[in-house]
Amino acid sequence: MLIPIAALLLTYAVTLGLAGLAAFVLRSPLSILLSELCGTEERSSFWTVWSMVMMIALPLLFVSMARIATDPTELIQGTVAATLAGILMAMAGMGLAVWRRVPQPNIK
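Residues numbered from 1 in each chain as written. Predicted model: local features only at pLDDT ≥ 70, side-chain atom pairs only at ≥ 80, totals over all residues. Heavy atoms only, no water.

It is not clear to me how the overall build of the protein should be interpreted in this structure. Could you clarify?
Looking only at helices and strands, the protein has three helices and zero strands in total. Ordered by position in the sequence, the α and β elements of the protein form the string α-α-α. What you see for the protein is a C-alpha radius of gyration of 17 Å, clearly larger than the 13 Å of a compact globule of 108 residues, by over 25%. Each principal axis of the C-alpha atoms in the protein carries an extent, and together these give about 60 × 35 × 20 Å. Taken across its 108 residues, the protein has 24% of its residues classed as buried. The long-range fraction of contacts in the protein, counting pairs at least 24 apart against all pairs at least 6 apart in sequence, stands at 75%. When the accessible surface of the protein is split by element, carbon and sulfur atoms take 71% of a total near 7200 Å². Across the protein, the centroid of the 6 positively charged side chains sits 14 Å from that of the 5 negatively charged ones. (Helix = DSSP H or I, 4+ residues; strand = E, 2+ residues; numbered from the N terminus. Rg over C-alpha atoms; globule rule 2.2 N^0.38 Å. Buried < 20%, exposed > 50% of the residue type's maximum accessible area, 1.4 Å probe, protein only. Contact = heavy atoms within 4.5 Å. Areas by Shrake-Rupley, 256 points an atom, 1.4 Å probe, with all protein chains shown as cover. Lys, Arg positive; Asp, Glu negative; His and termini not counted. Charge placed at Lys NZ, Arg CZ, Asp CG, Glu CD.)

So this is what it looks like as structure tokens:
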């Protein structure tokens with residue numbers, strides 16, 4: 001059994017670690033893609049940072065809305081599930097936004 005504050009801090013640490021890793025891995029390829037789509041370095045830089053913030057903030061929001069378990073197994077399982085759901089939602093939103101702006105080939 002974990003005390004509630006320890007459980008909460010562990011939850012946020014796991015979430016920041018997983019979401020931070022996802023943001024770190026995606027930063028370079030996303031920056032390159034956004035440079036092509038945005039046209040200027042300033043625009044690309046802004047949208048890259050915005051995307052990284054969303055990649056971390058959305059999982060934190062999901063984890064914050066979940067009930068904090070004091071059983072270590074349930075805590076880690078719930079935290080990882082909520083974090084991965086948040087990461088996937090953030091990636092889906094970014095993917096949809098980028099996909100809409102990528103020129104589509106004219107298929108006839």
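What is the right way to read the side chain of Thr-48 from this model?
Within the secondary structure, Thr-48 is located in helix H2 (residues 41-65). By relative accessible area, Thr-48 is classed as buried at 3%. At 2.8 Å, the side chain of Thr-48 and the backbone oxygen of Ser-44 are in polar contact. Once you skip the residues sitting within four places of it in the chain, Thr-48 turns out to touch Arg-27, Ser-31 and Leu-34. (Polar contact = N/O pair within 3.5 Å; in protein donor to acceptor, adjacent residues only side chain to side chain.)

Is there a simple way to think about the layout of surface pockets in this case?
Take a probe with the size of a water molecule and roll it over the atoms, and the empty space left behind shows itself. Roughly 310 Å³ of volume is contained in the largest pocket. Considering the residues around the largest pocket, the lining is formed by 14 residues, among which Leu-34, Trp-47, Ala-97, Val-98 and Arg-101 are closest to the centre. With six residues, helix H3 (residues 72-101) is the single largest residue contributor to the lining of the largest pocket. Residue classes in the lining of the largest pocket are distributed as 11 nonpolar, two polar and one charged. (1 Å grid on protein atoms, 1.4 Å probe; cavity = no way out; pocket = protein on both sides within 12 Å on 5 of 7 lines; lining within 4 Å. Points joined across faces, edges and corners; volume = space filled by probe spheres on them. Nonpolar A, V, L, I, M, F, W, Y, C, P; charged D, E, K, R; others polar.)

What's the story with the packing of aromatic side chains in this structure? I'm lost.
Between two aromatic rings, the relevant description is the distance of the centres plus the angle of the planes. Per the counting criterion, the structure on display carries two aromatic pairs. An angle of 80° between the planes, with centres 4.8 Å apart, marks the rings of Phe-46 and Trp-47 as edge-to-face. For Phe-46, a relative accessible area of 46% gives the class partly exposed. Here Trp-47 falls in the partly exposed class, since its relative accessible area comes to 39%. (Phe/Tyr/Trp six-rings, centres within 6.5 Å; stacked < 30°, edge-to-face > 60°.)

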